[in-house]
Each structure stands twice: as structure tokens, then as C-alpha cells.
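One-letter residues, chain by chain:
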Amino acid sequence: MLAKRIIPCLDVMAGRVVKGVSFVELRDAGDPVEIAHGYDTQGADELIFLDITASSDNRGILFRMIEKVAEQVFIPLTVGGGVRQVADVRDLLNAGADKVSINTSAVLNPQLVADAAGRYGSQCIVVAIDAKQTSTGHWEVFTHGGRNATGLDVVAWAMRMEELGAGEILLTSMDRDGSKIGFDLQLTRAVVDAVEIPLIASGGAGNLQHLVDGIKQGGADAVLAASIFHFGEYTLTQAKQYMAKQGIEVRL
Amino acid sequence: MADIAVIDYGMGNLRSVQQSLRKVAPTASIILTSDPQEVARAGRVIFPGQGAMPDCMREMDERGLRSAVLDAAKNKPFLGICIGLQMLFEHSTEGNITGLGILRGQVVRFASHLLDQQGDKLKIPHMGWNQVHRVAKHPLWQGIAQDARFYFVHSYYVIPQDAAIVQANTDYPTPFVCAVARDNLFAVQFHPEKSQDVGLTLLKNFVDWKP
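The text that follows walks through the structure, step by step, so that each part is easy to find. (Residues numbered from 1 in each chain as written. Chains lettered and ligands numbered in written order. Predicted model: local features only at pLDDT ≥ 70, side-chain atom pairs only at ≥ 80, totals over all residues. Heavy atoms only, no water.)

What follows covers the overall build of chain B. In terms of helices and strands, chain B carries six helices and 14 strands. A globule of 211 residues ought to have a C-alpha radius of gyration of about 17 Å, and chain B, at 16 Å, matches this closely. Taking the principal axes of its C-alpha atoms as reference, chain B extends roughly 55 × 40 × 30 Å. Within the span of chain B, comprising 211 residues, buried residues form 61% of the whole. Sequence separation of 24 or more characterises 71% of the internal contacts of chain B that already satisfy a separation of 6 or more. For chain B, the exposed surface amounts to about 8100 Å²; the carbon and sulfur share of it is 48%. Here chain B holds 21 positive side-chain charges and 20 negative ones, and the gap between their average locations is 4 Å. (Helix = DSSP H or I, 4+ residues; strand = E, 2+ residues; numbered from the N terminus. Rg over C-alpha atoms; globule rule 2.2 N^0.38 Å. Buried < 20%, exposed > 50% of the residue type's maximum accessible area, 1.4 Å probe, protein only. Contact = heavy atoms within 4.5 Å. Areas by Shrake-Rupley, 256 points an atom, 1.4 Å probe, with all protein chains shown as cover. Lys, Arg positive; Asp, Glu negative; His and termini not counted. Charge placed at Lys NZ, Arg CZ, Asp CG, Glu CD.)

Turning next to the environment of Asn75(B). Residues and elements named next belong to chain B. One can find Asn-75 in helix 4 (residues 66-75). Measuring from C-alpha to C-alpha, the distance between Asn-75 and Val-108 comes to 28 Å, with 33 residues separating the pair along the chain. Within polar-contact distance, the side chain of Asn-75 engages the side chain of Asp-71 at 2.9 Å. (Polar contact = N/O pair within 3.5 Å; in protein donor to acceptor, adjacent residues only side chain to side chain.)

Our focus in this paragraph is the interface of chain B and chain A. Contacts between the two partners involve 36 residues from chain B and, on the opposite side, 44 residues from chain A. The junction of chain B with chain A conceals about 3200 Å² of combined surface from both sides, 49% of it contributed by carbon and sulfur atoms. Interface area lost by chain B to chain A is led by Lys123(B), Met127(B) and Trp129(B), which between them contribute 21%. At the boundary of chain B and chain A, one finds three salt bridges. (Buried area = accessible area lost by both parts, 1.4 Å probe. Salt bridge = Lys/Arg side-chain N within 4 Å of Asp/Glu carboxyl O.)

Below, the discussion takes up helix 5 (residues 111-120) of chain A. Residue and element names in this part refer to chain A. If you check which residues of helix 5 are buried, you get Leu-112, Val-113, Ala-116, Ala-117 and Tyr-120. All buried residues of helix 5 project into a common sector of 125° when viewed along the axis, lining one side. In this structure, the buried residues of helix 5 make contact with helix 3 (86-95), strand 6 (99-102), helix 4 (104-108), strand 7 (125-135) and helix 6 (154-164). One or two steps after helix 5, the chain reaches Gly-121, where phi turns positive at roughly 95°. (Arc of directions from axis to C-beta.)

The geometry of two aromatic rings is summed up by the distance between their centres and the angle between their planes. In the structure shown here, the tally under the stated rule is 13 aromatic pairs over all chains. Plain terms: the ring middles of Tyr39(A) and Phe229(A) are 6.4 Å apart, the flat faces sit at 70° to each other, and that makes the pair edge-to-face. In this pair, Tyr39(A) sits in helix 1 (residues 32-42) while Phe229(A) sits in helix 9 (residues 227-230), placing the two residues 190 residues apart along the sequence. With respect to burial, Tyr39(A) and Phe229(A) carry one shared label: buried. Here a set of aromatic residues connected by ring pairs shows up, and it is made of Phe110(B), Phe150(B), Phe152(B), Tyr157(B), Tyr172(B), Phe176(B) and Phe190(B). In this arrangement the basic side chain of Lys132(A) is found over the ring face of Phe142(A), its NZ or CZ atom lying 5.8 Å from the centre. (Phe/Tyr/Trp six-rings, centres within 6.5 Å; stacked < 30°, edge-to-face > 60°. Lys NZ or Arg CZ within 6 Å of the ring centre and 35° of its normal.)

Let us look at unusual backbone geometry. For the bond running from Ile124(B) to Pro125(B), omega is 5°, close enough to zero to count as cis. For Pro125(B), the position within the fold is in the loop between strand 7 (105-109) and strand 8 (126-131). Cis geometry is found at the peptide bond from Tyr172(B) to Pro173(B), where omega equals -15°. Along the polypeptide, Pro173(B) turns up in the loop between strand 12 (166-171) and strand 13 (175-182). At Lys180(A), a position not held by glycine, the phi torsion is positive, near 60°. Considering the arrangement of structural elements, one finds Lys180(A) in the loop between strand 10 (168-173) and helix 7 (185-194). Positioned with a positive phi, His113(B) is a non-glycine residue whose angle comes to about 60°.

The next point concerns the pairing of strand 8 (residues 138-143) of chain A. Residues and elements named next belong to chain A. Along strand 8, five of the six residues are buried, which leaves the element largely enclosed by surrounding structure. Adjacent in sequence and paired antiparallel, strand 7 and strand 8 are bridged by two residues, among which Gly-137 carries a positive phi angle near 80°. For strand 8 and strand 9 (residues 148-153), the ladder comprises three bridges, and the chain directions are antiparallel. Along strand 9, the bridge assignment pairs Thr-143 with Asn-148. Counted along the chain from strand 8 to the antiparallel partner strand 9, the turn is four residues long, and its residue His-144 has a positive phi close to 55°. (Pairing = 2+ DSSP bridges.)

Structure representation (C-alpha cells):
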């Protein structure tokens, strides 16, 4: 049976892994290559790198970093941050990414998702959605690292992205990001029920039960976590053993 | 002359394939190439592929690689990966396109709106780590456990006409063929280059294979 995936997420800034709370208050978490190699051997199912500065002067640093990571890591790598055109997708894939995540640019130019999926295939196009709750059962899409409101409804937006060729949705609850109180399960379930493509739940994982809840209650295909792994609270193996005990199919 | 040629027709994550080969065969010469002559001269050939099969077929033909691929698939150790498996068959419903026809059979899409064993919606693409259940013996499986998990990402799968070429199946939700072999040819739907230890083992077995 297909395993549910655990995906450590590495936010990178100027070549270092950092971690924030609600998208601010960044702490240094270490060297990307070392961290990625560690997760690869400990049983992570995939890795996601998000370039959270994403300014043009950092692109060179990012490409060199991905190349180094790709030399040592033999699981799928997703890279996102600052992807603005199809050529950016190409460059990231050439540097060693297996999938590219598109967030702000998908809102500014939805055709980019269609063009990138048309050229490189849906399997390598992840659309990242940063969601903030506006009222019970309603969430709005935010861009630019959570700074700009768009007026777009998250569920409708996810469906539109699927239609344009996204192969996967990375759904982050801004309200929960870094809070360690668990994923927004209502949000996760609302999007899972609306699309046929796989969904990665993100934002709020603080313990192993949260990972289980994201899959069992939220219906996610994969769960993303950063702090609980970066700062050594849990290992990937502990997380997987816990999930397996709760009846979730995992790769051990 | 290269030991291993990875065929480059602009449609795959070739860097991952190359890195994995370097890891398992550090002393081998490995090239990414779109030159039919280089493919013809290489000791063994890897035929990868990602994206849509019609685009892959077109890009391959635009580079004049068709006869080099056909020739390699007949005459030397040859490993197809993902779309590189699908393209070996006669026909795909993806864009209603004719394949290379080296193997008899069809490529079709997973049906929409299916449920998995637990009653959850079956996602397309089939993405993630799934179990590979072997139904035949082959040197490329050496050192790999029965039902080991490999990484998959695809929306289409092959239905070979000749049951004798089937090497392994995967359930999604019912069994589909995820590996085939015939003579010097081996081809898989999953991505060994992204399947950590088990994938590297399979690539190492391919590098050592003497069909």
C-alpha cells in the first residue's frame, strides 16, 4: 500500500537553514547539506527547501546549495521560493531539484503553473498555498511570505491550481505556522475533499500525534514538519514508529 | 566510449539519475547525452523520462534518437525509468500517441474517483513510496527485499500483452505492472534514483548486470 509521507521542511536564507514562528522571529538551525544528508539517512520520505529570501542576489547561493544537497540525497527534493518564470523551474530542476514549488507567482500569473506543468509535467509542479482563516470554514490565500492578502478563497484556489496542472498542493496554515498546536485540520480536510491531487499538510506540527491527526482527520497524503525535527525533539524513526502504531502505512 | 550513457532528450531529472550512478559506480564513466553516436558506443544505456509521453516522444525524435534507443534496447544492458518504461510500449492513451513498440501493450491512466483500501479517495498522480511485489527472479533484484518500497510519481501505467515479461506489481488500489524485463532490457515505473538504499541497490545491480 502507498505510504503516507513525512517531509522535513528546510527554510533557507542566504545558504543557512532557519526557522521562524508565524513567518517571523527566525532562528538559525544549521547547514543545509548536513541537515539534508541526516534526514535522508534517517528515513525522511522527501525534503522540501524553501528559499525564504528569494531575492535575486541569493539565487546563485541557492543553486550551489541544491547541487551540493543533490549529490548526497537520494530521495525527492522539492525547492521553492522566488520562482517567477518557466526558466526558473528549468534552472532549479537542472540544479538537482525533483519538484519545484510555486506560491506567490501562481497568484500573480496563474498561467505560469499551466506553462511549467505543460513543459516539465505535473509531477514536478507543487503549488504552495499560504492560508489564513477569515471566518469559520473560510480561509484566504496570502502571498509574499504571508504579507499580502489576495482576496482568493483557499479551496477555490486549490481547485483552480489542480485544473491548471499542479501535481500536488503544499498547504500551510499561517495561523498555525510555528505554533506547535497542531495542523489546522478543518482547513486540510476542506482542501483534500475538493481536489484529486495529493496534499501536504503544513503549519503547526508540535508533536507526533499532530502528524497522525493531519493524516487521519485532515486526510493529508503527507505531513510537513520543521521545528520538531530540526531541534532534535523527535527523530524521523520515532515519528514513523508512532504513526505505524496508530495504523498509518509508513516507510520504515 | 562511456561505460554508461543516460539518454538526454530534455525530459527528465537527469541530474538525479547521474548522481545516483556516480554513487554506485564511482569509477565508471557516465555521460548524459543526446548524441545517437554516443548512445551507440556506450556499454550500457539508461532511458529515463518525466512529463507527458507525447512531449517525450517528440523531443526524442527531434534529437534523432529513435533508432539509437531501438538499437540499444535490443543489444546492450538497457534500463528504462518511468516514461522511459512507458515509451517502450505500442500505444498510450495520453494524447493517443504511438510508442516505440519494442514491447507489446498499452499505457493507460489510473481511473478517476477510485477509493483506496481504507475508503479514502485515490489520488492522481500516484505519488510516494509504494511496495514492489516481485513475481519473477532477476539479477537486478539481488539484495532487495520482497515488497520493498520504491518512490513513484505517475498518472499512467503499462498493461503488457505478454505476461512473461512482468517482473513486479504494485497495488494502487489494484495491482498494476511496475517492472518488466526481456533479455537485455529492464524497465521500471518507479524512480530508483530517488528510492534511497533500495533504489541505489537496483542501480548497482544494473551497472554489474551481464545479460
